[in-house]
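Spelled out from the first residue to the last, the chains are:
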Amino acid sequence: MKSSLYPTQELRRRALAWAVKLRVNPKVIRVQEMRRKWGSCSSAGTVTLASDLVDQDPRFQDFVIAHEMLHLRVPTHGRLFKALMSAHVPGWRELEDLRGTSRPTRGGAGGQ
Ligand SMILES: [Zn+2]
């Protein structure tokens, strides 16, 4: 059962909470249909999340959201990025596997 009549609103609210937690300031948080990825982050500060994330496990939602939000601070997937992921989303490596296999192409939450 859905916790809200407006699950995408819920997702945006979750994303905003993450922005505060990670001290990042996305210009726009967008929820829209995405076929190949769960999320993306543009250098202009727009974070886009796949609308079907609302049907996923909340832990997975957090993983995708945190991943994209962290890109506002760290653009690459280097050591710092991974350290921050570990700090905020314990167990994210497992979730990353899930991310890759549940979509037709790899690169999941953003590719970048
Ligand atoms: Zn990424």
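Thresholds, definitions, all that
- Residues numbered from 1 in each chain as written.
- Predicted model: local features only at pLDDT ≥ 70, side-chain atom pairs only at ≥ 80, totals over all residues.
- Heavy atoms only, no water.
- Donors = N, O, S within 2.8 Å, 3.2 Å for Na, K, Ca; no water.
- Helix = DSSP H or I, 4+ residues; strand = E, 2+ residues; numbered from the N terminus.
- Buried < 20%, exposed > 50% of the residue type's maximum accessible area, 1.4 Å probe, protein only.
- Polar contact = N/O pair within 3.5 Å; in protein donor to acceptor, adjacent residues only side chain to side chain.
- Contact = heavy atoms within 4.5 Å.
- Salt bridge = Lys/Arg side-chain N within 4 Å of Asp/Glu carboxyl O.

Caption draft 1: Inspection of the coordination of the zinc ion at higher detail. For the zinc ion, the protein coordination sphere consists of H67 (NE2), H71 (NE2) and H77 (NE2), at 2.0 to 2.1 Å. Considered as a linear motif, the donors of the zinc ion on their single chain read H-x3-H-x5-H. Highlighted residues: H67 in helix α2 (residues 58-70) and H77 in the loop between α2 and α3 (79-88), separated in sequence by 10 residues. Judged by relative accessible area, H77 falls into the partly exposed class, the value being 31%.

Caption draft 2: Spotlight on the side chain of H67. For H67, a relative accessible area of 2% translates into the label buried. At a separation of 3.2 Å, a polar atom in the side chain of H67 contacts the side chain of H71.

Caption draft 3: Focus on the environment of L72. Counting through the fold element by element, L72 comes out in the loop between α2 and α3. The class for L72 is partly exposed, based on a relative accessible area of 28%. A C-alpha to C-alpha distance of 9.6 Å links L72 and L22, two positions 50 residues apart in sequence. Discounting chain neighbours no more than four positions away, the residues touching L72 are V24, N25, P26, C41, G45 and V47.

Caption draft 4: Looking closely at the pattern of salt bridges. Tallying each qualifying case throughout the model produces three salt bridges. Among the ionic pairs, E10 bridges to R13, the shortest N-O distance being 3.5 Å. Here R13 and E10 lie together in helix α1 (residues 7-21), a separation of three residues that amounts to about one turn. Overall, the relative accessible area of 53% leaves R13 in the exposed class. Note that E33 is salt-bridged to R35, the shortest N-O span being 3.4 Å. An identical accessibility class is assigned to E33 and R35; each is exposed.

By themselves, these observations are geometric and do not establish any function.
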